[in-house]
Amino acid sequence: MHSHHKGKRRLKTVLYGCLGLAVLLLAVAAGYCDMLRPFYTDAERSFRNPDRNSAFDEQGIAYDEGSGLFLFSGYMKDHEASPVYLVDPKSGQTVKQLSLLMEDGSAFTGHSGGIAVSHSRVFIAGSTDDCIYVYDKGDILQAEDGASVPCRGVFPLATAKEDGVRASFLASSDDGILYVGEFHLDWIPQLRCRRNHAFRPETGRTNALLVGFRMDDTLPLGLEQTPCVAYCLPNRVQGAAILNGKLFLSRSFGASPSRIASYALSAREETAVMTLLG
């Protein structure tokens, strides 16, 4: 009889513990929804991202004014060739899916990161290779659905182990600058930026950089080799956009709430001088 009552008490303890955990999870979920509600209230629904249910892991988005299409980049978790999707925002339909090739004609199966476009080129961030893969925009716009497009060159972003920029995301500005951004997380060694990219401005320690290169269609890869500007970045930046003199940064990782921060570029002050790629 004694052991029977003991078993009942244990069962009650387990049930109360599970109930308490469920209440806690519901409270966390409710708080999470409250944090996201302003974003979804103010945001305007546009179109679905392509191939959401496949092995495609989307990494970047860019808009091409000439064609009026959005270009999506990313890599395939099944190690197939990294694709680029072209989407018509008016219809919400995917116009075509293309596979990226390397310079030697082999499939690009690496970590295809962010994407940006210029007048004549499409840039893909090679985050694991410290480089930018350069494609001809004409090749991409004229290719048939399902075709493969060749890489026209590789723009290096490292000259030594401690002198380089890890290209996680890209953004282009109206004044002709391609920005290359780094993603940093302290607690994951593979996601830490180079140590000499850490600075201590008045707002606190930063570990990543956003580096700008002037775009020039007359150059072989469409970019000047020497950086023209660099900004300190906070941790967990996934993407950037430059519009009307402001820098917008999207920050997220895992299940934590995503945030968008904006900065007036005219208010930025020089905090340090460093040599990059030289």
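This write-up is about the structure you can find in this document. (Residues numbered from 1 in each chain as written. Predicted model: local features only at pLDDT ≥ 70, side-chain atom pairs only at ≥ 80, totals over all residues. Heavy atoms only, no water.)

To continue, consider the sheet that holds strand 18 (residues 259–264). The three strands lie next to each other as 16-17-18, forming an open sheet whose pairing is antiparallel. Across the chains shown, the open sheet's two edge strands, defined by having one partner strand only, are strand 16 (237–243) and strand 18. Between one strand axis and the next, the sheet turns through 20° on average, direction left out of account. As paired strands, strand 17 (residues 246–251) and strand 18 are joined by six bridges and run antiparallel to one another. By the bridge assignment for strand 18, Lys246 is matched with Ala264. (Pairing = 2+ DSSP bridges. Helix = DSSP H or I, 4+ residues; strand = E, 2+ residues; numbered from the N terminus. Axes fitted to C-alpha atoms, helices over the stretch in contact; angles between N-to-C directions.)

What follows covers the nonpolar core. Core analysis: the biggest nonpolar cluster contains 19 residues, and Leu71, Val122, Ile124, Tyr135 and Ile140 have the highest contact counts within it. Elements supplying a minimum of two residues to this core: strand 2 (69–76), strand 3 (83–88), strand 4 (93–100), strand 5 (112–117), strand 6 (121–126) and strand 7 (131–136). Top element by residues in this core is strand 7. It accounts for three residues. Those residues within four positions of Tyr135 in sequence are excluded, and the remaining contacts are Leu100, Leu101, Phe108, Ser120, Arg121, Val122, Ile124, Ile140, Val149, Pro150, Cys151 and Arg152. In terms of nonpolar packing, the next biggest core, distinct from the first, is built from 18 residues, Phe123, Leu157, Val165 and Leu178 among them. (Core = buried A, V, L, I, M, F, W, Y, C linked by side-chain atoms within 4.5 Å. Buried < 20%, exposed > 50% of the residue type's maximum accessible area, 1.4 Å probe, protein only. Contact = heavy atoms within 4.5 Å.)

With that settled, the discussion passes to the pairing of strand 4. With six bridges joining them, strand 3 and strand 4 adopt antiparallel strand pairing. Paired with Leu86 across the bridge in strand 4 is Lys96. Where strand 3 folds back onto strand 4 in an antiparallel hairpin, the turn is made up of four residues, including Gly92, whose phi is positive at roughly 75°. Alignment of strand 4 against strand 8 (residues 148–149), held across two bridges, turns out to be parallel. Paired with Leu100 across the bridge in strand 8 is Val149.

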